[in-house]
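# Survey of secondary and tertiary structure
Here is what each chain is made of, one letter per residue.
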Amino acid sequence: MTFLEEIKRRRTFGIVSHPDAGKTTLTEKLLLFGGAIRVAGAVKNNKIKKGATSDFMEIERQRGISVATSVMGFEYSGYKVNILDTPGHQDFQEDTFRTLTAVDSVIIVIDAAKGVEPQTEKLMNVCRMRKTPVIVFVNKMDRPAQDPFTLMDEVENQLKIKVRPLSWPINNGPDFKGVYNIFNRSLKLFTPDIQEIQERIKFEDLSDPRLEDHIGSDAEVLREELELVEGIYPEFEQDEYLSGNLAPVFFGSALYNFGVQELLDSFVQIAPIPQPSTTEERVIDPKEEAFSGFVFKIHANIDPNHRSRIAFVKICSGRFERNKVYKNIRLGKTFRISSPTAFMASQKEVIDEAFPGDIIGVPDTGNLIIGDTLTEGEEIHFKGLPSFSPELFRFVENADPMKSKQLAKGVDQLMDEGVAQLFTSTFNGRKIIGTVGQLQFEVIQYRLEHEYNAKCRFEPLQMYKACWIESDDPKVLTEFKKRKYQKMAKDKLGRDVFMADSSFILQMAQDEFKSIRFHFTSEF
Ligand code: G4P
């Protein structure tokens, strides 16, 4: 196969959802259809169950599992499908956001009874920002669901994207009969079986009276609804989908394998091939011959006996080859990767080559950090997703004076992994950790103790937002920093951050320093 053919057959995407909508179940069923696993239940979910926030053993166990299930590749109908899993727990949403920088498209799963939920909206905002094409899968049709037209409206209004159904449900809950596949004009009848994969019936012409034989009086309703669908929604245009303006919608029941194959078949046909990536210097086309890629995720110390880390590298261009010399642009150093791994379903295997769209696992001893660019030598820097201002802040203090080195190293490495954000007060040098949720503080404390043999204590800190500041007038910035010296800090990359105690204080600062722009994200 040529280099170009290898690129064109790749589909790299992420599945996201509000917790419990069915992301894990859908992922597993895609693997089942893709032949990557044989029976349902083979892939354990990597979510941290609600109520388990203090169960650290559970977190540890899940972390182990989540390495295996972070990226799952499989072959399907000549396509190489790469699924990137994202943590379901909202306290780890930054991790999800970063993973979204490595995908070419996204499938959003929503629960047919609950509709669009808060986490779905947040994730969609990130997709919109990056113009990532999205497909919506409305799950759990086997349960009592909202009316499909209402759901379509909700998706359109709340996710702020045009919608177009490509399959349509026939009833729901106990009366659920199946879905009609608008995309390839076939009917699939529902039989609630978790393992079995159903056959589909081709129905080019819906006025065919045999439709009644299959679904009885629901046939007439289906005809009417499909007529309405054609009247209300625009024709499906792949370009509109690829430019992130239109979301095709599918209905089904992941638990009962229903509508999943429709989704997968249409997905491989319409989803984008590996897309160009932006660097600070220029746009990189996947078809370029020189290899380039970036680190979007790091898993550290999975096995406490081995201080090993795995860096997940997304290949952006060129053919990646094992043992070839590549350069880490941040460090200005070259190195060889002797045992890169691919992630095929839940197994890791050492590979000799990989192509744009693929994710490889690179064993690392602490040289790589999130956002690192790897190339054959060209000095480029891939643009990642900015850091967002954390929601919760705590001072981190050393609780064991004998272990201050271990603490510093542990905090440093956990921040490299993207577990949380670190700010250092320029006023008194105290270290501040910012997170999205309480669970992250617990994870940090636990991991510092178990992996770095260090003890930390968190001290409360009432803080509203971390604001990255910018101005065209350097004098005003200097003046601002002087006036607010007690509230200034540096982020991990040494950028100035104003730590605002409250929205009121921030408003005051904004009113007073009109020529300063205050940002809640680190890139602007
Ligand atoms: P998540 O990753 O998005 O958090 O959701 P997950 O797949 O874990 O699904 C959440 C719950 O919803 C699970 O039940 C799962 O079995 C169920 N579920 C997923 N898809 C469907 C569907 O199409 N129909 C129905 N009826 N249920 C579905 P649970 O009881 O919380 O977990 P488990 O003990 O079954 O694993």
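Structure: see above.
Heads up: these notes are all about the structure in this document. These numbers come from a predicted model, not from an experiment.

Attention now moves to helix 5 (residues 118-130). Taking 1.5 Å of rise per residue, the 13 residues of helix 5 would be expected to cover 18 Å, and the 19 Å separating its terminal C-alpha atoms lies within 8% of that figure. Within helix 5 the residues assigned to the buried category are Q119, T120, L123, M124, V126 and C127. In a view along the axis of helix 5, the buried residues occupy a sector of 155 degrees, so they form one face of it. Just downstream of helix 5 lies K131, where phi reads positive at about 55 degrees.

Moving on, we get to the site of the ligand. Near the ligand you find 18 residues, and of these D20, K23, T24, T25 and D142 are the closest. Within the backbone of A254, a nitrogen or oxygen atom sits 3.1 Å from an oxygen atom of the ligand. Contact with the protein chains covers 72% of the free accessible surface of the ligand, which is 700 Å². Here the shell around the ligand is built from residues that sort into four nonpolar, eight polar and six charged.

Packed helices, taken two at a time, are described by the angle between their axes plus the distance between the axes. Put simply, helix 2 (residues 23-33) and helix 10 (residues 260-270) touch, their axes get as near as 10 Å, and they point 70 degrees apart. As the angle between them shows, helix 2 and helix 10 are arranged roughly perpendicular. Touching L26, K29, L30 and F33 of helix 2 are V260, Q261, L263 and L264, all from helix 10.

Glancing now at the pattern of salt bridges. Inspection of every chain in the model, using the stated rule, returns 39 salt bridges. Between E459 and R457 there is a salt bridge, and its shortest N-O distance comes to 3.4 Å. With relative accessibility at 41%, the residue R457 sits in the partly exposed group. With a shortest N-O distance of 3.3 Å, K487 and D501 are connected by a salt bridge.

Moving on, we get to the sheet that holds strand 31 (residues 516-519). If you walk across this open sheet you meet the eight strands as 27-24-26-25-29-30-28-31, and the pairing is antiparallel. Among the strands making up the open sheet, the edge pair consists of strand 27 (456-460) and strand 31. Averaged over all pairs of adjacent strands, the angle between their axes in this sheet comes to 40 degrees, without regard to strand direction. Judged from the three bridges that link them, strand 29 (residues 488-490) and strand 30 (residues 496-500) form a sheet pairing that is antiparallel. Its bridge partner lying in strand 30, K490 is registered against D496. Taken strand by strand, helix 13 (residues 474-483) contacts strand 28 (465-471), strand 29, strand 30 and strand 31, and its axis lies near 150 degrees from that of strand 28.

In this section: the nonpolar core. Counting 59 residues, the largest nonpolar core has V138, W168, L222 and F251 as its most contacted members. Looking at which domains feed residues into this core, each of domain 1 (3-174 + 231-270) and domain 2 (277-375) supplies at least three. In contact with F251, other than residues within four places in its own chain, are F137, V138, M141, P148, L151, M152, S167, W168, P169, V179, F258 and G259. I15, L26, A254 and L264 belong to the second largest nonpolar core, which has 29 residues in total.

We now examine the pairing of strand 5 (residues 134-139). Burial analysis of strand 5 places six of its six residues in the buried class, which makes it a mostly covered element. Of the two faces of strand 5, the one carrying V134, V136 and V138 and the one carrying I135, F137 and N139 are both buried. Sheet analysis places strand 4 (residues 105-111) next to strand 5, joined by six bridges and oriented parallel. By the bridge assignment, I107 is partnered in strand 5 with I135. At this point the chain moves from strand 4, through helix 5, to the parallel strand 5, and the crossover so formed is right-handed.

Our focus in this paragraph is the packing of aromatic side chains. In this structure the tally under the stated criterion is 21 aromatic pairs. When the ring of F3 is compared with that of F355, the centres are 6.2 Å apart and the planes differ by 40 degrees; the resulting orientation is tilted. Of this pair, F3 sits in helix 1 (residues 3-8) while F355 sits in the loop between strand 21 (353-354) and strand 22 (359-364), and the two are 352 residues apart along the sequence. Of the residues examined, F355 reaches a relative accessible area of 4% and is grouped as buried. Grouped by ring-pair contacts, the aromatic residues F480, F498, F513 and F518 constitute a single cluster. Sitting over the face of the ring of F312, K297 holds its NZ or CZ atom 5.9 Å from the ring centroid. The positively charged end of R394 is found above the aromatic ring belonging to F441, 4.8 Å away from the centroid.

It is worth spelling out the sheet that holds strand 7 (residues 167-170) at this point. Paired through their backbone hydrogen bonds, the strands of a sheet run either parallel or antiparallel. With antiparallel pairing, four strands are arranged side by side in an open sheet as 7-8-9-10. Bordering the open sheet on either side are strand 7 and strand 10 (201-202), each of which pairs with just one other strand. As paired strands, strand 9 (residues 186-189) and strand 10 are joined by two bridges and run antiparallel to one another. Within strand 10, the residue paired with S186 across the bridge is K202. Running at roughly 150 degrees to strand 7, helix 8 (residues 218-232) makes contact with strand 7 and strand 8 (178-181) of the sheet.

So, how was this worked out
- Residues numbered from 1 in each chain as written.
- Predicted model: local features only at pLDDT ≥ 70, side-chain atom pairs only at ≥ 80, totals over all residues.
- Heavy atoms only, no water.
- Helix = DSSP H or I, 4+ residues; strand = E, 2+ residues; numbered from the N terminus.
- Expected span 1.5 Å × (residues − 1).
- Buried < 20%, exposed > 50% of the residue type's maximum accessible area, 1.4 Å probe, protein only.
- Arc of directions from axis to C-beta.
- Near = heavy atom within 4 Å.
- Polar contact = N/O pair within 3.5 Å; in protein donor to acceptor, adjacent residues only side chain to side chain.
- Areas by Shrake-Rupley, 256 points an atom, 1.4 Å probe, with all protein chains shown as cover.
- Nonpolar A, V, L, I, M, F, W, Y, C, P; charged D, E, K, R; others polar.
- Axes fitted to C-alpha atoms, helices over the stretch in contact; angles between N-to-C directions.
- Parallel < 35°, antiparallel > 145°, perpendicular 65-115°, else oblique.
- Contact = heavy atoms within 4.5 Å.
- Salt bridge = Lys/Arg side-chain N within 4 Å of Asp/Glu carboxyl O.
- Pairing = 2+ DSSP bridges.
- Core = buried A, V, L, I, M, F, W, Y, C linked by side-chain atoms within 4.5 Å.
- Domains from an automatic or database assignment.
- Right-handed = clockwise from strand over helix to strand, strands pointing away.
- Phe/Tyr/Trp six-rings, centres within 6.5 Å; stacked < 30°, edge-to-face > 60°.
- Lys NZ or Arg CZ within 6 Å of the ring centre and 35° of its normal.

Purely geometric numbers; function is a separate question.
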